[in-house]
Amino acid sequence: PRRARLLAHRGLDRPPHELLSEREMQVFLRLAKGEKVGQMAEAMFLSVKTVSTYRTRILVKMNMKNNAEIVLYAVQNKLVE
């Protein structure tokens, strides 16, 4: 999509995770640690739908397809242990 290309272009000099909002980064790190959307929603006092929306935005912004890619990226970039 055009928006994803614009975001990607805008962040050429920065790692992709730096394009995430603070809340998206919180969700990203929880996903990277293997937390389920339902657990996350409860812990963050958000609806499952809201957390799912954040997850979708993360996947689009970072050009990823699934949680496994999130985990791999986070480990490779030393964002989680």
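Look above for the structure.
A brief structural summary.

Calculation rules
- Residues numbered from 1 in each chain as written.
- Predicted model: local features only at pLDDT ≥ 70, side-chain atom pairs only at ≥ 80, totals over all residues.
- Heavy atoms only, no water.
- Buried < 20%, exposed > 50% of the residue type's maximum accessible area, 1.4 Å probe, protein only.
- Helix = DSSP H or I, 4+ residues; strand = E, 2+ residues; numbered from the N terminus.
- Arc of directions from axis to C-beta.
- Contact = heavy atoms within 4.5 Å.
- Polar contact = N/O pair within 3.5 Å; in protein donor to acceptor, adjacent residues only side chain to side chain.
- Axes fitted to C-alpha atoms, helices over the stretch in contact; angles between N-to-C directions.
- Parallel < 35°, antiparallel > 145°, perpendicular 65-115°, else oblique.
- Left-handed = near helix turned anticlockwise from the far one by under 90°.
- Phe/Tyr/Trp six-rings, centres within 6.5 Å; stacked < 30°, edge-to-face > 60°.
- Core = buried A, V, L, I, M, F, W, Y, C linked by side-chain atoms within 4.5 Å.

### Structural notes on helix H5 (residues 67-76)
Inspection of H5 places Ile70, Tyr73 and Ala74 among the buried residues, and these make up the whole buried set. For H5, the angular spread of buried residues about the axis comes to 95°, placing them on one side. Opposite the buried face of H5, at more than 90 degrees from it, the exposed residues are Ala68 and Gln76. Taken together, the buried residues of H5 touch helix H2 (22-32) and helix H4 (48-61). The N-cap of H5, judged by a side-chain oxygen 3.1 Å from the amide nitrogen of Ala68 a few residues on, is Asn66. A positive backbone phi angle near 55° is found at Lys78, which sits one or two residues after H5.

### Here we look at the packing of helix H3 (residues 37-44) against H4
The interhelical angle for the contact between H3 and H4, taken along N-to-C directions, is 115°, at an axis separation of 8 Å. Considering their axes alone, H3 and H4 lie roughly perpendicular with respect to each other. Crossing of H3 over H4 shows right-handed handedness. Together, Val37, Gly38, Met40 and Ala41 of H3 and Val48, Val51, Ser52 and Arg55 of H4 make up the contact between the two elements.

### So, the packing of aromatic side chains
For any pair of aromatic rings, the description rests on two quantities: the centre-to-centre distance and the angle between the ring planes. With the rule as written, the count across this model stands at one aromatic pair. Taking 6.0 Å as the distance between ring centres and 80° as the angle between the ring planes, the aromatic pair formed by Phe28 and Tyr73 counts as edge-to-face. One end of the pair, Phe28, is in helix H2; the other, Tyr73, is in helix H5, and 45 residues separate them in sequence. Assigned by exposure class, Phe28 and Tyr73 land together as buried.

### Considerations on the nonpolar core
In terms of nonpolar packing, the biggest core is built from 19 residues, with Val27, Phe28, Ile58, Met62 and Ile70 touching the most fellow members. Of all the secondary-structure elements, those providing two or more residues to this core are H2, H3, H4 and H5. Broken down by element, this core gets its largest block of residues, five residues, from H2. Not counting residues up to four positions away in its chain, the partners in contact with Ile58 are Leu20, Glu24, Val27, Phe28 and Ile70.

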